[in-house]
Amino acid sequence: LLVAAGFSIVVGTAIGCAMGMFMPIRPYLRSLVVIDSGIPALSWMLIAVFWFKDPEARIFFILTVILLPFYALNVHDGIRALPREWSEALGTFRPSRWQIFRLLILPHVVPYVLMTTKSIIGYATRMVIFAELIGSAVGIGAKMGLAQGSFEMATVLAWTVFLVIFNIVMQALVAAVEAHLLRYRVEAQAR
């Protein structure tokens, strides 16, 4: 889950930045991302079962193709929301593309990446469990499937409580990262 989420953050952010910064490739990348986001998760899970033998590779693939569009589209929207005045002000210094990216775009999209991460943590966890249930003989999803098959309600409830706690801990970790990265904001200082 963490590796696939980290990979999706990096690649999705890169795709979103490319869509926002390079006009000629924007429609093509956006079309691919929208098509990817329109494919049902179950379809990706079944494709992964056919394509990959290793259960970990299946789950990594499923999570990546499901989470990546969230980051790409939100980062692209973040770049589109960038105030024109900021671009014009930075443009007076004749910066290189790298400087524009490093000094203007990247700091501006960090809150969008963090917001996306907070929004999808629970969704990603549910997708992992579902993927393990369908495409793996190991993992929490597979164990919950076995418990359901043998009518072990206590096991299902125990794993459910564990997943709720896991989600709360992950939300707290992302909030801590957000507070650290965005500590320069007035709202962060008021906490």
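Heads up: these notes are all about the structure in this document. Counting from 1, residues in each chain are numbered in the order their sequence is written. Selection of residues for local features in this predicted model requires a pLDDT of at least 70, selection of side-chain atom pairs for listing and counting requires 80 or more, and totals for whole chains, interfaces and linings are taken over all residues. Side-chain numbers come from the whole structure's heavy atoms, not from hydrogens or water.

## Focus: a nonpolar patch on the surface
The patches described consist of residues with a relative accessible area above 30% and no salt bridge, like charges being joined within 9 Å and nonpolar side chains (Val, Leu, Ile, Met, Phe, Trp, Tyr) within 5 Å. Under the convention used here, a 1.4 Å probe and the Shrake-Rupley method define accessible areas, while residue burial counts only the protein chains that appear. Salt bridges are defined by distance alone: a side-chain nitrogen of Lys or Arg within 4 Å of a carboxyl oxygen of Asp or Glu. On the surface, a cluster of nonpolar side chains totalling about 800 Å² of accessible area is made up of Leu42, Leu46, Val49, Phe50, Trp51, Phe130, Leu133 and Ile134. Counting from the N terminus, the helices are the DSSP runs of H or I reaching at least four residues and the strands are the DSSP runs of E reaching at least two. Taken together, the elements giving at least two residues each to the nonpolar patch come down to helix H3 (41-51) and helix H6 (97-135). Looking at the nonpolar patch element by element, the count peaks at five residues for H3. Looking at the element boundaries, phenylalanine 130 is found in helix H6. Exposure is judged per residue with a 1.4 Å probe applied to protein chains only, and the accessible area is read against the type maximum: over 50% gives exposed, under 20% gives buried, and values in between give partly exposed. We classify phenylalanine 130 as partly exposed; its relative accessible area is 33%.

## Points about the packing of helix H7 (residues 140-149) against helix H8 (residues 153-181)
Orientation of H7 relative to H8, taken along the N-to-C sense of each, is 155°, at an axis distance of 9 Å. One way to sum up the angle between H7 and H8 is to call them roughly antiparallel. For the pair H7 and H8, the crossing hand works out as left-handed. Taking contact as the criterion, the partners of Ile140, Lys143, Met144, Ala147 and Gln148 in H7 are, on H8, Thr155, Val156, Trp159, Thr160, Phe162 and Leu163. Classifying every residue of the contact of H7 with H8 gives seven nonpolar, three polar and one charged. Axis angles are defined between N-to-C directions and span 0 to 180 degrees, where every axis is a line fitted to C-alpha atoms and, for a helix, only to the segment in contact. In what follows, roughly perpendicular refers to angles from 65 to 115 degrees, roughly parallel to angles under 35, roughly antiparallel to angles over 145, and oblique to any angle outside these ranges. In this scheme, a crossing is called left-handed if the near helix is turned counterclockwise away from the far one by less than a right angle; it is called right-handed if the turn is clockwise. Contacts between residues were defined by any pair of non-hydrogen atoms, one from each residue, lying within 4.5 Å. Charged residues are taken to be Asp, Glu, Lys and Arg, nonpolar residues to be Ala, Val, Leu, Ile, Met, Phe, Trp, Tyr, Cys and Pro, and polar residues to be all remaining types, Gly included.

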